[in-house]
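Overview (structure and organization)
Residue strings, one per chain:
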Amino acid sequence: MDRFKIEGGRPLQGAVQISGAKNAALPALAATLLTSEPVHLQNIPRVRDIITMAKLLAHMRCNVTSPDIPPSEFTIQAETISHAEAPYELVKTMRASVLVLGPLVARTGYARVSLPGGCAIGARPIDIHIQALEKLGAKISVEHGYVEARAKRLRGAEFRFPKITVTGTENVLTAAVLAEGETLLENCALEPEVTDLAELLIKMGARIEGLGTSTLRVRGVQRLHGATHEIIPDRIETGTFLIAGAITGGDLHLQNCAPEHLRAVIEKLKSCGVEIRCEANSLRVKAAKKLVAADVDTEEYPGFATDMQAQFMALATQAQGVSRIRETIFENRFLHAVEMLRMGANIAIDGNLAVVTGPSKLSGAPVTASDLRASAGLVLAGLVADNTTWIDRVYHIDRGYERIEEKLRSLGARITRVGTGDRDE
Ligand code: EPZ
């Protein structure tokens with residue numbers, strides 16, 4: 001298992017390229033199951049979750065090809081699907097595997113997908129995905145840890161999501177596009193990744209109205225065809241680098257990003273005193289003259305993303321005053337706080353509220369990453385801590401950040417990856 005060794009205290013300077021969005025690429029890859037023709041996807045981030053999804057598609061006998069290794073482009077052709085199944089071995093390593101449920105049942109009339117268990121940040125059930133697919137006429141049973149869905153052909157229906165769910169909206173949308181008749185989906189997630197998926201589906205021949213709104217109207221078609229699509233930039237990687245610039249007192253130029261997808265994060269950082277300049281597809285971040293505390297409630301898009309909460313907490317430890325951070329999306333997403341406490345942060349947790357009093361002088365310590373974004377928060381804390389921070393279990397960060405240590409090093413950070421077999425440097 002690899003670890004990161006970070007020697008903090010260096011302002012980051014320079015330009016960094018933002019990768020494609022993992023959470024847009026995953027549903028796009030699943031959507032390739034909807035057609036027998038090739039779908040070409042570009043700007044795919046080179047991260048572990050993408051490899052897992054590619055393995056899952058290959059398991060179903062899809063033809064997965066890529067011109068480069070590791071791949072940043074994929075052509076996928078699901079000419080025939082002989083195993084309409086997502087096995088436990090793959091789903092347990094990545095719960096987004098559940099995104100194949102909708103496309104599989106819509107295209108083949110059958111899907112067998114392992115039920116994802118809980119994960120470090122919460123229980124994360126998929127009951128709403130199931131309810132919506134049942135509304136579209138799928139017969140669903142849950143047995144032996146697997147969801148089995150059957151339908152000769154799905155039928156259009158009206159469904160109001162009782163709670164906003166990102167992958168739920170994506171799963172149901174990718175089912176409805178091949179259903180017979182019209183589907184009206186209300187209270188849909190507004191995340192840019194949902195809109196990016198809808199844009200790919202439209203290129204494949206789907207008829208969807210209401211993109212970017214909470215009501216999606218889908219007129220089902222008999223079949224979809226191949227398409228070429230470029231995945232949007234990763235807004236969470238962008239936000240993480242914004243905070244890396246701000247927290248280290250640096251000056252960074254983030255290229256190939258989509259500032260319009262980060263309005264809430266940018267506004268919040270500005271309210272902390274961080275200087276940010278937006279251009280069409282780039283951002284410039286400069287250190288605050290004085291970093292001041294701010295309160296944050298995580299919310300669905302366009303609110304402040306839960307996937308930026310751990311990184312913001314790292315920043316709050318360096319800000320003057322009291323920041324109250326309320327996590328409203330997941331029930332257990334403060335595991336990084338306990339590790340930050342070990343580095344000298346002043347954080348009090350009360351249920352879903354973290355009260356951070358700053359600034360604290362962080363000191364390097366061995367810490368353990370519990371999930372993807374928690375790892376990013378710990379890396380940011382390590383970049384400002386004195387002495388050496390060791391972060392264990394960085395496989396979490398490899399799931400969603402492309403070569404983060406190389407990108408940070410190119411900006412002047414002292415961060416190295418140390419394998420268990422390697423000698424410490
Ligand atoms: C997506 O997860 C993202 N994953 C997550 O990113 C992100 O944190 C989350 O949305 C919220 O923005 C992908 O896009 C692959 P939800 P998802 O369904 O879709 C409850 C990362 O770090 N719920 O929107 O699984 C659920 O428990 C990851 O990249 C139900 O109760 O999240 C949660 O409290 C982590 N029943 C809330 O809804 C359901 O059937 C929102 O979850 C579905 C969800």
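These lines cover the structure that appears in this document, whether it is placed above or below. (Residues numbered from 1 in each chain as written. Predicted model: local features only at pLDDT ≥ 70, side-chain atom pairs only at ≥ 80, totals over all residues. Heavy atoms only, no water.)

With that settled, consider the overall build of the chain. If you tally the helices and strands in the chain, you get 14 helices and 24 strands. Taken against the 2.2 N^0.38 rule, which gives 22 Å for 425 residues, the C-alpha radius of gyration of the chain at 21 Å falls within 12% of a compact globule. Here the chain, with 425 residues, has 57% of them falling under the buried criterion. Nonlocal contacts in the chain, meaning residues at least 24 apart in sequence, comprise 73% of its contacts between residues at least 6 apart. Within the structure as shown, the chain displays about 16,800 Å² of accessible surface, and the carbon and sulfur contribution to it stands at 47%. Averaging the locations of the 49 positively and 50 negatively charged side chains of the chain gives two centres separated by 0 Å. (Helix = DSSP H or I, 4+ residues; strand = E, 2+ residues; numbered from the N terminus. Rg over C-alpha atoms; globule rule 2.2 N^0.38 Å. Buried < 20%, exposed > 50% of the residue type's maximum accessible area, 1.4 Å probe, protein only. Contact = heavy atoms within 4.5 Å. Areas by Shrake-Rupley, 256 points an atom, 1.4 Å probe, with all protein chains shown as cover. Lys, Arg positive; Asp, Glu negative; His and termini not counted. Charge placed at Lys NZ, Arg CZ, Asp CG, Glu CD.)

Ordered in space as β18-β19-β21-β20, the four strands form an open sheet in which the pairing is mixed. Because the sheet does not close on itself, it has two edges, and the strands there are β18 (296–297) and β20 (346–350). Summarising the sheet, β20 and strand β21 (residues 353–358) pair through five bridges and their orientation is antiparallel. For Ile 347, the partnering residue across the bridge sits in β21 and is Val 356. (Pairing = 2+ DSSP bridges.)

This part is about the pairing of strand β3 (residues 39–42). Both β3 and strand β5 (residues 74–77) contribute to a ladder of three bridges, which runs antiparallel. Bridge pairing links Val 39 to Ile 76 in β5. In the sheet, β3 pairs with strand β14 (residues 227–230) via four bridges, with the strands oriented parallel. Within the sheet, the bridge partner assigned to Leu 41 lies in β14 and is His 229.

Here we come to the environment of Glu 230. Relative to the helices and strands, Glu 230 resides in strand β14. Contacts of Glu 230, omitting those with residues within four sequence positions, involve Gln 42, Asn 43, Asp 196 and Lys 203.

Glancing now at the site of the ligand. Around the ligand sit 21 residues, and of these Asp 127, Thr 165, Thr 167, Asp 307 and Ile 329 come closest. For the ligand, an oxygen atom lies 2.6 Å from a polar atom in the side chain of Asp 307. Relative to its unbound accessible surface of 830 Å², the ligand loses 89% to contact with the protein. Taken together, the elements giving at least two residues each to the shell around the ligand come down to α1 (22–31), α5 (127–135), α6 (166–176) and α12 (372–384). With three residues, α5 is the single largest residue contributor to the shell around the ligand. For the shell around the ligand, the residue count by class is nine nonpolar, five polar and seven charged. (Near = heavy atom within 4 Å. Polar contact = N/O pair within 3.5 Å; in protein donor to acceptor, adjacent residues only side chain to side chain. Nonpolar A, V, L, I, M, F, W, Y, C, P; charged D, E, K, R; others polar.)

So, on to helix α11 (residues 335–342). Restricting attention to buried positions, one finds in α11 the residues His 336, Ala 337, Glu 339 and Met 340. Around the axis of α11, the buried residues are gathered within 165° of arc, so they sit on the same side. After α11 finishes, the residue Gly 344 shows a positive phi value of roughly 105°. (Arc of directions from axis to C-beta.)

Turning to the pattern of salt bridges, a few remarks are in order. Taken as a whole, this structure holds 24 salt bridges when the rule is applied. Ionic pairing is found between Arg 333 and Asp 307, a salt bridge with its closest N-O pair at 2.8 Å. With Arg 333 in the loop between β19 (321–326) and α11 and Asp 307 in the loop between β18 and α10 (309–316), the pair connects residues that are 26 residues apart, well separated along the chain. Of the two residues examined, Arg 333 and Asp 307, each falls in the buried class. Ionic contacts of the salt-bridge type, sharing partners, join the residues Arg 46, Asp 68, Glu 402, Arg 403 and Glu 406 into one network. (Salt bridge = Lys/Arg side-chain N within 4 Å of Asp/Glu carboxyl O.)

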